Number of protein chains: 2
Amino acid sequence: MRPITVNLGDRSYPIYVGEDILAEIGKLMRQAGLGEKVGIVTDAKVAGLYLKPVEESLRRSGFGVSTVFLPEGEEHKSRDSVSAIYDRLVSERFERSSSLIALGGGVIGDLTGFAAATFLRGIAYVQVPTTLLAQVDSSVGGKTGVNHREGKNLIGAFHQPRLVLIDVAALRSLPRRELVAGLAEVIKYGIIADPGLFAFVEEKLESLLALEREPLVEVIAVSCAIKAKVVEADERESDYRSVLNFGHTVGHALESLTGYEEFLHGEAVAIGMVQAASISVRQGYCDQESFERIRRLVSRAGLPTEIPDHVEPQELVKRMEVDKKSAGGKIKFVLCAGIGKTQFHWLSPAEIVAKLAP
Amino acid sequence: MRPITVNLGDRSYPIYVGEDILAEIGKLMRQAGLGEKVGIVTDAKVAGLYLKPVEESLRRSGFGVSTVFLPEGEEHKSRDSVSAIYDRLVSERFERSSSLIALGGGVIGDLTGFAAATFLRGIAYVQVPTTLLAQVDSSVGGKTGVNHREGKNLIGAFHQPRLVLIDVAALRSLPRRELVAGLAEVIKYGIIADPGLFAFVEEKLESLLALEREPLVEVIAVSCAIKAKVVEADERESDYRSVLNFGHTVGHALESLTGYEEFLHGEAVAIGMVQAASISVRQGYCDQESFERIRRLVSRAGLPTEIPDHVEPQELVKRMEVDKKSAGGKIKFVLCAGIGKTQFHWLSPAEIVAKLAP
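Bear in mind that the values here come from a model prediction, so they are computed numbers and not experimental data. (Residues numbered from 1 in each chain as written. Chains lettered and ligands numbered in written order. Predicted model: local features only at pLDDT ≥ 70, side-chain atom pairs only at ≥ 80, totals over all residues. Heavy atoms only, no water.)

Undergrad: I would appreciate a short explanation of the domain arrangement of chain A in the present structure.
TA: Interfaces are often sized by the amount of accessible area the parts lose when they come together. Residue and element names in this part refer to chain A. For chain A, the assigned domains are domain 1 (2–173) and domain 2 (176–354). Computed over C-alpha atoms only, the centres of domain 1 and domain 2 are separated by 25 Å. Across the boundary between the two partners, domain 1 contributes 29 residues, which contact 31 residues of domain 2. Both sides together, the interface formed by domain 1 and domain 2 hides about 2,800 Å², and carbon and sulfur atoms give 64% of it. Connecting domain 1 to domain 2 are five salt bridges. A salt bridge links Glu235 to Arg11; the shortest N-O distance between them is 2.5 Å. (Domains from an automatic or database assignment. Contact = heavy atoms within 4.5 Å. Buried area = accessible area lost by both parts, 1.4 Å probe. Salt bridge = Lys/Arg side-chain N within 4 Å of Asp/Glu carboxyl O.)

Right, dumping it as structure tokens:
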């Protein structure tokens, strides 16, 4: 297994992608030089499927293991869940040399990363993402956080993991709807950085949806490598890293406005990508054919492409303003210049409303 | 006014020390390139004395200013206080380009720094410390945090300020007991790094206690410069930075065991320094004469030197174990090798108990 490396000086780390590799975690954490005490953060559903091989591997490698169970779901991506982690770490006398493992989807990963970022002013953590979305997106790059009632991820920190272990076998237990939602982010990487990846997904879509090992490992590894490159260039999102937010400005606002109930994150991003591509065409950055390919692939994957009728563009734009990407009243949009290239563009709320109108 | 610089690459920042310089803050924040929106975090007592000149200076320089009032005191160095800051920043639509100012003592500084570290994954902040302790210690170096009911600063982050503004005029309103407690940290810098500073404090003690401008600016500037050098060498306390904890291992445990009521931080550190110096003599690192000079200066300053009779050494050691500086069951002590040099030494709980016994 040859890892992808995220090169960030003394904060560099490897990403391993493979099938049935959970049992390697103890050995890999030893190689990474992590301390004796390890806390696994997970939820009951994931634990039922994957906790045992992870715990056994850690114990075989001589780690002392505790497990913290959190309730499932985005509504628990809160400061209360982080408190529950802190309390456990304090009561078990975790030290600076101790580490955490996030075993689960994006919520578990973001919560665990934030707890690790802020316990004793920062301890090590490892990402073991079990959803496609987390595997290709949130587990890499060091963004951690919790939600505030007024917006997602308003509280958080940049804190890079020490190791990312991606086992595609975990996707076998993932509901189809979540798998498809994760594919939205893979398609995004193609649009922002890699025409070859985009074409590969167009060609292998059915194999990917059937969870065929080879194309799956391929698109996950390529997606992670693209994300690694972007993060290396701009770790703290001074500017360039926000290319990763292609489709997310509309996507986040849509999730927020619909109370995080109507759409999965990837579904909202899918709509956001098609809208961003459409704005890109109107702004003259993107050709009509590329736009059609984007809309077609999103749609073929089984993802939504349109803002639902009950959502008012004005309301959507209001939500964008509380998002982290606004400054001086204008909102930063990532647009696409065909497939494989991006273009930043600042738009006022009124301009966005006009452009989102059908 | 020539600043001291903390050299940390793209996170470098200046420390300004002077008298009656609060009104310079607007200009200095402009120079530092900070954004339009500024939130001042303070408490009612400090605000009554210093808020007006700070606000006026900011407005003159074109900043939009909001003020967040927090309740006074160490018991409010909690996640609830941080929540109060978050809520305000969200409701006033603070952006990534916005910044915070900590106007107050160490509690305000640590809380504000932690809120800045974790809001939108990190915004800028400025330290305007108004106690001697905060001026020579907590305002410089980027340690931020809040207390957990089981221990001080267990939750926190490293997040460097963008500017530190130290106005010695603020010390005129400081209770004498707090001034003296702050001197403990100045004496500490002499012991760990600078025999000249130690001798200067020995010579000018009365002038310092009388708040004479020149020696005060001198010892604060020298203390900050020492701290800056240590932080530059080891920002995240991998190892060397812990020299700053001379006197703090016993000091923190003593504060914790006495419920943070009997001693001010500097007073507990004063006792801790004399105890650490005494252990240093027993370990053969420190000569008897240096020990006597340390004990004498601490005592002359009006600071305590002895662990009170009602405190059991065993109980004290238990508190050290939950502190951040323990690993593998042993506790890391910073000892002194005479005045101006330090020596790390790991001790087991039993060894510490034996050495703390009179």
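Undergrad: Mind showing me how you'd approach the sheet that holds strand β1 (residues 4–6) of chain A here?
TA: Strand pairing in a sheet relies on backbone hydrogen bonds, with the paired strands running either antiparallel or parallel. Residue and element names in this part refer to chain A. Reading across from one edge, β1-β2-β9-β6-β5-β3-β4 is the order of the seven strands in this open sheet, with mixed pairing throughout. Each edge of the open sheet carries a strand with a single partner, namely β1 and β4 (64–70). Neighbour-to-neighbour, the strand axes of the sheet open up by a mean angle of 20 degrees, direction not taken into account. In the sheet, β1 pairs with strand β2 (residues 13–18) via three bridges, with the strands oriented antiparallel. Each bridged residue has a counterpart across the sheet, and for Val6 the counterpart in β2 is Tyr13. Together, β3 (37–43), β4 and β5 (99–104) form the strand contacts of helix α2 (residues 44–60), whose direction differs from that of β3 by roughly 165 degrees. (Pairing = 2+ DSSP bridges. Helix = DSSP H or I, 4+ residues; strand = E, 2+ residues; numbered from the N terminus. Axes fitted to C-alpha atoms, helices over the stretch in contact; angles between N-to-C directions.)

Undergrad: Mind showing me how you'd approach the pairing of β4(A) here?
TA: Across a regular strand the side chains alternate sides, sitting on one face of the sheet and then on the other. Residues and elements named next belong to chain A. Across the seven residues that make up β4, a large majority, five, are buried. Pairing of β3 with β4 involves seven bridges; the strand directions are parallel. Residue Thr42 lies in a different strand from β4, and its bridge partner there is Phe69. Taken together, β3, α2 and β4 constitute a β-α-β crossover, and its handedness is right-handed. (Buried < 20%, exposed > 50% of the residue type's maximum accessible area, 1.4 Å probe, protein only. Right-handed = clockwise from strand over helix to strand, strands pointing away.)

Undergrad: I'm lost on the confidence of the model for chain A in this one. Help?
TA: It should be kept in mind that the predicted coordinates are not to be read in detail where pLDDT is low. Overall, the prediction assigns chain A a mean pLDDT of 94, with 97% of residues at 70 or greater. With pTM at 0.92, the complex prediction returns an ipTM value of 0.90. (pLDDT = per-residue confidence, 0-100.)

Undergrad: When you look at helix α11 (residues 288–300) of chain A in this model, what are you seeing that I'm missing?
TA: In an α-helix, one turn spans 3.6 residues, which is why side chains three or four residues apart end up on the same side. Residues and elements named next belong to chain A. Taking 1.5 Å per residue, 13 residues should reach 18 Å; α11 reaches 18 Å between its end C-alpha atoms and fits that length. For α11, the full list of buried residues reads Ser290, Phe291, Ile294, Leu297 and Val298. What you see down the axis of α11 is that its buried residues fit within an arc of 135 degrees, all on one side. Following α11 by one or two positions, Gly302 adopts a phi angle in the positive range, close to 95 degrees. (Expected span 1.5 Å × (residues − 1). Arc of directions from axis to C-beta.)

Undergrad: How should I be thinking about unusual backbone geometry in this particular structure?
TA: Among all residues except glycine, the phi angle is most often negative; among peptide bonds, the trans geometry is most common. Although it is not a glycine, Tyr260(A) sits at a positive phi angle of roughly 60 degrees. If you trace the backbone, Tyr260(A) turns up in the loop between α9 (248–257) and α10 (265–282). Under the relative-accessibility criterion, Tyr260(A) is labelled partly exposed at 30%. A positive phi angle, near 55 degrees, is found at Glu237(B), a position not held by glycine. Examined against the element boundaries, Glu237(B) turns out to sit in the loop between α8 (213–233) and α9 (248–257).

Undergrad: Looking at this structure, how should I read the interface of chain B and chain A?
TA: Contact residues are listed per partner, giving 36 residues for chain B and 36 residues for chain A. Each partner contributes to the roughly 3,200 Å² buried at the junction of chain B and chain A, and carbon and sulfur atoms together form 50% of this total. Our enumeration of links across chain B and chain A arrives at four salt bridges. Summed over the shared surface of chain B and chain A, the number is 12 residue pairs in polar contact (both at pLDDT 80 or more). Listing elements by their share of the side of chain B that touches chain A, those giving two or more residues are α3 (79–91), α4 (106–118), β7 (143–148), β8 (151–158) and β10 (326–327) of chain B. Looking at the side of chain B that touches chain A residue by residue, the class counts come to 13 nonpolar, 10 polar and 13 charged. (Polar contact = N/O pair within 3.5 Å; in protein donor to acceptor, adjacent residues only side chain to side chain. Nonpolar A, V, L, I, M, F, W, Y, C, P; charged D, E, K, R; others polar.)

Undergrad: What should I look at first to understand helix α2 (residues 44–60) of chain B in this one?
TA: All names here are of chain B. With 17 residues, α2 should reach 24 Å at 1.5 Å per residue; the first-to-last C-alpha distance of 23 Å fits that figure. A bend of about 60 degrees at Tyr50 is the largest found in α2, and the proline Pro53 appears one to four places after it. Positive phi shows up at Gly62, right after α2, with a value of about 90 degrees. (Bend = angle between axes of the 7 residues up to and from the residue.)

Undergrad: How should the pairing of strand β8 (residues 151–158) of chain A be read in this particular structure?
TA: Residue and element names in this part refer to chain A. Among the eight residues in β8, eight count as buried, and that is most of the element. Sheet topology places strand β7 (residues 143–148) next to β8; five bridges connect them, and they run antiparallel. Following the sheet pairing, Lys143 is matched in β8 by Phe158. Between β7 and β8, which pair antiparallel in sequence order, lie two residues.

Undergrad: Would you take a moment to explain the pattern of salt bridges for this structure?
TA: When charged atoms on two side chains of opposite charge get close, those side chains can pair. Residues and elements named next belong to chain A. Tallied over the full model, the rule gives 48 salt bridges over all chains. Its salt-bridge partner being Lys143, residue Glu237 comes within 2.5 Å of it at the nearest N-O pair. Here Glu237 is found in the loop between α8 (213–233) and α9, whereas its partner Lys143 is found in strand β7, with 94 residues between them in sequence. Each member of the pair, Glu237 as well as Lys143, is classed as buried. Its salt-bridge partner being Lys229, residue Glu232 comes within 3.4 Å of it at the nearest N-O pair. Within this pair, Glu232 and its partner Lys229 are both found in helix α8, separated by three residues, close to a single helical turn. The network of salt bridges with common partners includes Asp10, Arg11 and Glu235.

Undergrad: Would you take a moment to explain the relation of the copies chain B and chain A for this structure?
TA: Comparison of the two chain copies shows a relationship of rotation about an axis with a shift along it. Taken as rigid bodies, chain B and chain A are interconverted by a rotation of 180 degrees and an axial shift of 0.0 Å, the fit giving an RMSD of 0.0 Å. Here the copies are linked by what is in effect a two-fold axis. (Least-squares fit on C-alpha atoms with pLDDT ≥ 70 in both.)

Undergrad: Would you mind going over the side chain of Ser223(A) with me for this structure?
TA: All names here are of chain A. Its location among the elements puts Ser223 in helix α8. Given a relative accessible area of 0%, Ser223 falls into the buried group. Contact partners of Ser223, with chain neighbours within four places excluded, come to Val136, Val186, Tyr189 and Leu197.

Undergrad: Would you mind going over the packing of α9(A) against helix α12 (residues 313–321) of chain A with me for this structure?
TA: Two quantities define a packed helix pair, namely the angle between the axes and the distance from one axis to the other. Residue and element names in this part refer to chain A. Relative to each other, α9 and α12 sit at 105 degrees, their axes nearing to 8 Å. By the criterion of interaxial angle, the relationship of α9 to α12 is roughly perpendicular. Contact residues: α9 offers Thr249, Val250, Ala253, Leu254, Ser256 and Leu257, while α12 offers Glu315, Leu316, Arg319 and Met320. Tallied by class, residues from the contact of α9 with α12 come to six nonpolar, two polar and two charged. (Parallel < 35°, antiparallel > 145°, perpendicular 65-115°, else oblique.)

Undergrad: Teacher, can you tell me more about the packing of aromatic side chains here?
TA: Remark: the centre distance and the inter-plane angle together describe each pair of aromatic rings, the angle taken between the planes. All names here are of chain A. Applying the stated criterion across every chain, the model contains zero aromatic pairs over all chains. Above the face of the Tyr189 ring, Lys188 is positioned so that its terminal group lies 4.8 Å from the ring centre. Its guanidinium or amino end placed over the ring of Phe344, Lys332 lies 4.2 Å from that ring's centre, counting from NZ or CZ. (Phe/Tyr/Trp six-rings, centres within 6.5 Å; stacked < 30°, edge-to-face > 60°. Lys NZ or Arg CZ within 6 Å of the ring centre and 35° of its normal.)

Undergrad: When you look at the state of the cysteines in this model, what are you seeing that I'm missing?
TA: Each disulfide consists of one covalent bond between the sulfur atoms belonging to two cysteines. Enumeration according to the criterion identifies zero disulfides over all chains in this entry. Cysteine Cys286(B) shares no disulfide, and the gap to the nearest cysteine sulfur, in Cys336(B), comes to 4.0 Å. (Disulfide = S-S within 2.5 Å.)

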